[in-house]
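# Structural characterization, general
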Amino acid sequence: MTASIEETPERTENPPDPKRWLALAVILFASFMDLLDVTIVNVAVPAIQQDLGASYSEVAWTTSGYALAFAALLITGGRLGDLYGRRRMLLIGMAGFTVSSLLCGISGDPGTLIAARAVQGATAALMVPQVLSIIHVTFPAEERGKVFGMFSGIGGLALVFGPILGGVLVEADLLGWGWRPIFLLNIPVGILTFFAALYLVGESRDTDAPRLDLVGVVLATAGVLLLVYPLTQGRELGWPAWSFGMLAGSVAVLAVFVVHERRLIARGGSPLIALELFRARSFAAGFGVNFLYSVAYGTFFLMWTLCLQTGLGWSAMRAGLTGLPMFLGLLVSAGTTVQFLTPKFGRNVLFGGGLLLIAGALGLVWAHDRYGVEITSWEMSAPLFVFGLGMGAVLAPVLDFALTGVPHKVAGSASGVLNTSGQLGSAVGIALMAVLFLSGLPGQSGKGVDAVEPQIRQDLVAAGITDTRTGDDILAGFRACVHDRMADVSPEAMPESCREQPPGVSRAQLTAVRDVLAEHTPEVQAETFSGAFRMGLFSVMGLFALMTALMFALPRFARPEKDAAAIV
């Protein structure tokens, strides 16, 4: 095993580790595992929902639980690496991630899966921060640019590969395990990566690393949970009074967190988040842009997945491949903006990215409105590609703009806070999906029935229901049934309105009537989900518009301060 590196502010550069490139392959693979796990699960959500009988809020928790645990512990994980050894935390994180992947794969109910996903997120928060830290202490300055480029490329590859692999694994139904291989795949990979890291990655720590602010960790985590929990569960529980109390309480707890951090700074202690970072307008604006982008993207992606698979009835494979133009657009723009466009055009590139995101979302609204439930992957490809171009044009350069004016000595802490804002935004966005999308389903159900009403009437006549009033009663009952099913928290629920026998229908006719309605139910559901998705997209566009307006507070050009003595 390699020797330990003890860091001090004045330490000289050690000779480069001859195993550093092999070590890089290992730690990049660890990062790839985390990013792949995030994207691969999104495509499998409907399969998980159907297999475990999960409610919509439970489905949201399988994704937001991971993001929330990751966001809550990300900064803490980086600090623990500085204190107790980066390789040690990397190995603990890898081991925990592998074990929790096993628990996810064998989960027999939604609660167990949600708990295992939270553990996955927490262990990923131990693992992921060590990647950039190990790169920083392992590679000489002249090699880091190339290494960071490889790190970004791995992230882009995971974004493209994840949905496709998720679709393949769910569709293949290996050994009859359905969605479970998307988690079980991590086990052999995690074991191999763990032992490779044990022998190839050198240990390092910061001898001057500050003590961990445990009170700050508890307050920040509690504040975030008080915000996300009622947003995720509120619809399912009927928005009780305590849900609004929790939302108000989140503001109060986060305010206490800020007071605590300020007092800690005044006493000369080390806060969890250096609040002085927000005195730099560029950092505060960058934090806001990254947060709003992640909220909008988290809302969009789960909405879109449910619309395609639960609403339109597409397979996981088809849904995964449909997203390919979006991720290709992301790769194209991310690869060109930072290197070629932002040095010349500055924050105008980010403005352009925000407008492309809005244009892509508007294009999806148009496509779903134009083609309806018969829409194809090809007809979505152009707006999705534009959407992806906007993603890369915002996501890739925003970190550089946010760090303009931030002293080099706290750039690492600032990067951790920015990454946390993205994960937190994702968790909030997934929670908002229930508010913006699922709550809109009952209101769109009437339009879904309207779309198929002429055909239902024809089929009822063919089934022997010739009386117009009886047909009206049947349609009224069907309309109530569809509305109540869309309003129910469980997609498999059968409300009382769906069990009632329509007036004027004899027992002999009842089977034929139910067969007619059952035949048209998938099309009604598709119309309803498509309509709710279109309405949800307008909310997403509003978030992107707010994000774009906030970009005016960013500096005109990204010039991270390497020698600044203070934040002004």
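Everything here concerns the structure above.
Residues numbered from 1 in each chain as written. Predicted model: local features only at pLDDT ≥ 70, side-chain atom pairs only at ≥ 80, totals over all residues. Heavy atoms only, no water.

### So, the overall build of the protein
Helix and strand counts for the protein come out as 19 helices and two strands. A compact globule built from 568 residues should have a C-alpha radius of gyration of about 24 Å, and the protein, at 26 Å, falls within 12% of that. Each principal axis of the C-alpha distribution contributes one length, and for the protein these read about 90 × 50 × 45 Å. A buried classification covers 55% of the 568 residues belonging to the protein. Pairs at least 24 residues apart make up 84% of the contacts formed inside the protein by residues separated by at least 6 positions. Carbon and sulfur atoms provide 64% of the accessible area of the protein, an area that totals close to 23,900 Å². For the protein, the centre of its 36 positive side-chain charges and the centre of its 43 negative side-chain charges are spaced 9 Å apart. (Helix = DSSP H or I, 4+ residues; strand = E, 2+ residues; numbered from the N terminus. Rg over C-alpha atoms; globule rule 2.2 N^0.38 Å. Buried < 20%, exposed > 50% of the residue type's maximum accessible area, 1.4 Å probe, protein only. Contact = heavy atoms within 4.5 Å. Areas by Shrake-Rupley, 256 points an atom, 1.4 Å probe, with all protein chains shown as cover. Lys, Arg positive; Asp, Glu negative; His and termini not counted. Charge placed at Lys NZ, Arg CZ, Asp CG, Glu CD.)

### Observations concerning the environment of proline 502
By the secondary structure assignment, proline 502 is in the loop between helix 18 (468–487) and helix 19 (507–550). When near neighbours in sequence (up to four residues on either side) are disregarded, proline 502 contacts Ile474 and Leu510.

### Let's talk about the environment of leucine 517
Mapped onto the elements of the fold, leucine 517 is located in helix 19. Considering only alpha carbons, one finds leucine 517 and threonine 336, 181 residues apart in sequence, at a separation of 52 Å. Not counting chain neighbours up to four residues away, the residues in contact with leucine 517 comprise Ile456, Ile474 and Phe478.

### With respect to the pattern of salt bridges
Proximity of charged atoms lets side chains of opposite charge pair with each other. If you walk through the whole model with that rule in mind, you get five salt bridges. Arginine 180 is paired through a salt bridge with aspartate 51; the nearest N and O atoms lie 3.4 Å apart. Residue arginine 180 is found in the loop between helix 5 (141–172) and helix 6 (181–184), and its partner aspartate 51 is found in helix 1 (residues 20–52); the two are separated by 129 residues along the sequence. Through salt bridges with shared partners, a single network forms among Asp450, Glu453, Arg457, Asp472 and Arg479. (Salt bridge = Lys/Arg side-chain N within 4 Å of Asp/Glu carboxyl O.)

### Topic: the side chain of glutamine 120
With respect to the helices and strands, the residue glutamine 120 is situated in helix 4 (residues 110–138). If sequence neighbours within four positions are ignored, glutamine 120 has contacts with Asp37, Tyr66, Phe97, Ser100, Ser101, Cys104, Phe183 and Asn186.

### Regarding the nonpolar core
Counting residues in each nonpolar core, the largest one holds 90 residues, and the members touching the most others are Phe300, Trp304, Met326, Phe387, Phe437 and Met547. In contact with methionine 326, other than residues within four places in its own chain, are Phe300, Phe301, Trp304, Leu384, Phe385, Phe387, Gly388 and Met391. Of all hydrophobic cores here, the second largest spans 27 residues; its members include Phe97, Ile134, Phe139 and Leu198. (Core = buried A, V, L, I, M, F, W, Y, C linked by side-chain atoms within 4.5 Å.)

### Topic: the packing of helix 2 (residues 56–84) against helix 8 (residues 214–237)
Relative orientation of the contacting elements helix 2 and helix 8 amounts to 170 degrees, with a least axis distance of 11 Å. In terms of axis orientation, helix 2 runs roughly antiparallel to helix 8. Taking contact as the criterion, the partners of Tyr56, Ser57, Ala60, Trp61, Ser64, Leu68, Ala72 and Thr76 in helix 2 are, on helix 8, Val217, Thr221, Val224, Leu225, Val228, Tyr229, Thr232, Gln233, Arg235 and Glu236. (Axes fitted to C-alpha atoms, helices over the stretch in contact; angles between N-to-C directions. Parallel < 35°, antiparallel > 145°, perpendicular 65-115°, else oblique.)

### Some points on helix 10 (residues 281–311)
End to end, helix 10 covers 43 Å across 31 residues, agreeing with the expected 45 Å (1.5 Å per residue, within 8%). Counting buried residues in helix 10 gives 27 out of 31 residues, a clear majority hidden from the surface. (Expected span 1.5 Å × (residues − 1).)

### Observations regarding the packing of aromatic side chains
Applying the stated criterion to the full structure yields 21 aromatic pairs. Each ring, one from phenylalanine 301 and one from tryptophan 304, has its centre 5.8 Å from the other, and the planes form 70 degrees; the classification is edge-to-face. In this pair, phenylalanine 301 and tryptophan 304 are both assigned in helix 10, three residues apart and thus about one turn of the helix distant. Classification of phenylalanine 301 as buried rests on a relative accessible area of 5%. These aromatic residues form a ring-pair network of at least three members: Tyr293, Tyr297, Phe300, Phe301, Trp304, Phe327, Phe387, Phe533 and Phe544. The ring of tryptophan 314 carries arginine 318 above its face, with NZ or CZ at 3.6 Å from the centroid. (Phe/Tyr/Trp six-rings, centres within 6.5 Å; stacked < 30°, edge-to-face > 60°. Lys NZ or Arg CZ within 6 Å of the ring centre and 35° of its normal.)

### So, the packing of helix 13 (residues 348–371) against helix 14 (residues 377–395)
Closest axis-to-axis distance for the helix 13/helix 14 pair is 7 Å, and the angle between their directions is 160 degrees. One way to sum up the angle between helix 13 and helix 14 is to call them roughly antiparallel. Note that helix 13 runs across helix 14; the crossing there is left-handed. Taken together, the residues of the contact of helix 13 with helix 14 sort by class into 18 nonpolar, six polar and one charged. (Left-handed = near helix turned anticlockwise from the far one by under 90°. Nonpolar A, V, L, I, M, F, W, Y, C, P; charged D, E, K, R; others polar.)

### Notes on helix 14
For helix 14, built from 19 residues, the straight-helix expectation of 27 Å at 1.5 Å per residue is met to within 8% by its first-to-last C-alpha distance of 25 Å. When the local axis directions of helix 14 are compared, the greatest deviation, roughly 30 degrees, occurs at proline 383. Within helix 14 the residues assigned to the buried category are Met380, Ser381, Pro383, Leu384, Phe387, Gly388, Leu389, Gly390, Met391, Gly392, Ala393 and Val394. Buried residues in helix 14 make contact with helix 10, helix 11 (316–322), helix 12 (324–345), helix 13, helix 15 (398–402) and helix 19. (Bend = angle between axes of the 7 residues up to and from the residue.)

### Observations regarding a nonpolar patch on the surface
On the surface, Val99, Leu102, Leu103 and Ile106 cluster together into a nonpolar patch covering about 350 Å² of accessible area. Within the secondary structure, valine 99 sits in helix 3 (residues 86–105). (Patch = residues over 30% accessible without salt bridge, like charges linked within 9 Å, V, L, I, M, F, W, Y side chains within 5 Å.)

### Some remarks on unusual backbone geometry
Its identity as a non-glycine residue notwithstanding, aspartate 173 has a phi of 50 degrees, on the positive side. With respect to the helices and strands, aspartate 173 occurs in the loop between helix 5 and helix 6. Of note, leucine 175 is a non-glycine position whose phi angle comes to about 55 degrees, a positive value. Mapped onto the secondary structure, leucine 175 falls in the loop between helix 5 and helix 6.

### Examining the environment of alanine 124
Tracing the backbone through its elements, the reader meets alanine 124 in helix 4. Residue classification places alanine 124 among the buried residues on the basis of a relative accessible area of 0%. Between the alpha carbons of alanine 124 and methionine 246 there is a distance of 27 Å; along the sequence they are 122 residues apart. Discounting chain neighbours no more than four positions away, the residues touching alanine 124 are Asp34, Tyr66, Phe70, Phe97 and Pro129.

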